[in-house]
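Fold and contact review
Residue strings, one per chain:
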Amino acid sequence: MTDDGLPPLREVINSFGLAAKKSLGQNFLTDLNLTGKIARSAGDLSNSVIYEVGPDPAPSPAPC
């Protein structure tokens, strides 16, 4: 388990037999050092609005 109580992404990918299709531009960031570096490079976001952009087919939630 990771600090947030979730299993590592690599374990989830393997347990469901998933694979990224690079021909579709899919990638899985499984290196925690890299994801940490990306998150730290964003700086302080405590007063920011964050939008998640992804391929989720569900409609976006209404603004709060």
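Our structure's up above, just so we're on the same page.
The notes below deal with the structure included here. Small disclaimer: the values here were computed from a predicted structure and weren't measured.

Cut-offs used in this document
Residue positions are given per chain, counting from 1 as you read along its sequence in written order. Two thresholds apply to this predicted model, a pLDDT of at least 70 for residue-level local features and 80 or more for giving and counting side-chain atom pairs, whereas whole-chain, interface and lining totals are computed over all residues. Side-chain calculation: all heavy atoms of the structure are included, whereas hydrogens and water are not. Note on conventions: DSSP H or I runs of at least 4 residues are helices, E runs of at least 2 residues are strands, and numbering of each starts at the N terminus. Only the protein chains shown count as covering a residue, and every accessible area follows the Shrake-Rupley method with a 1.4 Å probe. What makes a patch is a set of residues exposed beyond 30% relative accessible area and free of salt bridges, joined within 9 Å when like-charged and within 5 Å when nonpolar (Val, Leu, Ile, Met, Phe, Trp, Tyr). The term salt bridge refers to a side-chain nitrogen of Lys or Arg lying within 4 Å of a carboxyl oxygen of Asp or Glu. Only protein chains enter the accessibility calculation, which uses a 1.4 Å probe; a residue whose area is less than 20% of its type maximum is buried, one above 50% is exposed, and one in between is partly exposed. Any pair of nitrogen or oxygen atoms within 3.5 Å is treated as a polar contact; in protein, a donor-acceptor pairing is required on top of that, and neighbouring residues in sequence qualify only through side-chain atoms on both sides.

This paragraph deals with the overall build of the chain. A count of helices and strands for the chain gives 2 helices and 0 strands. In the structure as shown, the chain presents an accessible area of about 6300 Å², 58% of it carried by carbon and sulfur atoms.

Let us look at a nonpolar patch on the surface. Nonpolar side chains collect at one region of the surface, where Leu9, Phe16, Leu18 and Phe28 lie side by side and expose about 410 Å² of accessible area between them. Inspection of the secondary structure assignment puts Phe28 in the loop between α1 (9–15) and α2 (32–41). Among the residues examined, Phe28 registers a relative accessible area of 39% and is labelled partly exposed.

So, on to α2. Burial of α2 is sparse: only 1 of the 10 residues sit out of reach of the surface. Residue Asp31 occupies the N-cap position of α2, its side-chain oxygen lying 2.8 Å from the main-chain nitrogen of Asn33. Looking at the residues trailing α2, positive phi occurs at Gly43, about 80 degrees.

By themselves, these are just geometric observations and shouldn't be taken as functional.
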